Amino acid sequence: MHKMAAIEESPFDFGTGDLLTRSEVHTLMAVGKKPGSNVTDLAKFFDITKSAVSQMVNKLLQKKLVEKYHNKDNDKEICLRLSSRGRIAFLGHEQFHLKTHARIEQRLREMTDEEFRFLQEFFRIIEETADESLGVSQ
């Protein structure tokens with residue numbers, strides 16, 4: 001679990017030469033999945049402050065991964081979209097996850113039924129223990 005957490009926390013290059021943090025990638029992915037979003041939309045989506053989103057968007061603007069433009073219906077509203085470099089990073093991130101998940105799925109398919117049942121029980125115990133530690137009722 002620590003190694004998977006380390007992967008999540010490590011900056012990665014998804015094809016543009018830029019090392020992107022997890023927060024940067026999540027922001028990039030949100031803009032890519034919903035072009036035309038603005039800072040307020042992203043703040044609501046991530047449940048964080050507009051200031052925090054603005055900081056993240058500014059990092060992506062500096063890396064030329066997103067672009068700002070004025071909403072055609074409301075000239076005061078600033079919207080976001082991926083740049084061509086941002087699209088490369090967006091697709092690179094999706095490919096990264098597809099490859100990772102495919103490797104995991106292949107390994108799971110190689111397991112016997114008994115091994116798979118053991119793994120399910122093992123994760124159930126971990127989840128139950130984590131819920132108890134967090135005070136989450138079952």
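Cut-offs applied
- Residues numbered from 1 in each chain as written.
- Predicted model: local features only at pLDDT ≥ 70, side-chain atom pairs only at ≥ 80, totals over all residues.
- Heavy atoms only, no water.
- Helix = DSSP H or I, 4+ residues; strand = E, 2+ residues; numbered from the N terminus.
- Rg over C-alpha atoms; globule rule 2.2 N^0.38 Å.
- Buried < 20%, exposed > 50% of the residue type's maximum accessible area, 1.4 Å probe, protein only.
- Areas by Shrake-Rupley, 256 points an atom, 1.4 Å probe, with all protein chains shown as cover.
- Polar contact = N/O pair within 3.5 Å; in protein donor to acceptor, adjacent residues only side chain to side chain.
- Contact = heavy atoms within 4.5 Å.
- Core = buried A, V, L, I, M, F, W, Y, C linked by side-chain atoms within 4.5 Å.
- Axes fitted to C-alpha atoms, helices over the stretch in contact; angles between N-to-C directions.
- Left-handed = near helix turned anticlockwise from the far one by under 90°.
- Nonpolar A, V, L, I, M, F, W, Y, C, P; charged D, E, K, R; others polar.
- Expected span 1.5 Å × (residues − 1).
- Arc of directions from axis to C-beta.

Draft legend 1. Structural view of the overall build of the protein chain. Helix and strand content of the protein chain: six helices and four strands. Along the protein chain, from the amino end to the carboxyl end, the secondary structure elements read α-β-β-α-α-α-β-β-α-α. Taking 2.2 N^0.38 as the reference for a compact globule, 138 residues should give roughly 14 Å; the C-alpha atoms of the protein chain span a radius of gyration of 19 Å, well beyond that estimate. Expressed along its principal axes, the backbone C-alpha trace of the protein chain runs to roughly 60 × 35 × 25 Å. Out of the 138 residues belonging to the protein chain, those deemed buried represent 25%. Accessible area for the protein chain stands at about 10,100 Å²; split by element, carbon and sulfur atoms hold 55% of it.

Draft legend 2. Looking closely at the side chain of Ser-37. Looking at where Ser-37 falls in the secondary structure, it is placed in the loop between α2 (22-33) and α3 (39-46). There is a polar contact of 2.6 Å between the side chain of Ser-37 and the backbone oxygen of Lys-34. Once residues lying within four places of it in the same chain are set aside, the contact partners of Ser-37 are Leu-42, Ile-78, Cys-79 and Leu-80.

Draft legend 3. Spatial organisation of the nonpolar core. Leu-20, Leu-28, Val-31, Leu-42, Val-57, Val-66 and Leu-82 are the most contacted members of the largest nonpolar core, which has 18 residues in total. With residues near it in sequence (within four places) discarded, Leu-82 still touches Leu-28, Val-31, Gly-32, Leu-65, Val-66, Glu-67, Arg-87 and Phe-90.

Draft legend 4. The arrangement of the packing of α2 against α3 in detail. In the contact formed by α2 and α3, the axes pass within 11 Å of each other and the chain directions differ by 115°. The way α2 lies across α3 gives a crossing that is right-handed. Between α2 and α3, the contacting residues are His-26, Thr-27, Ala-30 and Val-31 on the first element and Leu-42, Phe-45 and Phe-46 on the second. Class assignment for the residues of the contact of α2 with α3 results in five nonpolar, two polar and no charged.

Draft legend 5. Structural context of the environment of Gln-95. Mapped onto the fold, Gln-95 is located in helix α5 (residues 84-109). The sequence separation of Gln-95 and Glu-67 amounts to 28 residues, and the corresponding C-alpha distance is 23 Å.

Draft legend 6. Main features of helix α4 (residues 50-62). The end-to-end C-alpha separation of α4 is 18 Å, in line with the 18 Å expected for 13 residues at 1.5 Å each. Of the positions making up α4, those classed as buried are Val-53, Met-56, Val-57 and Leu-60. The buried residues of α4 occupy an angular sector of 100° when the element is viewed end-on, so they sit on one face. Facing away from the buried side of α4 by more than 90 degrees, the exposed set consists of Gln-55 and Gln-62. Immediately downstream of α4, the backbone of Lys-64 shows phi near 60°, a positive value.

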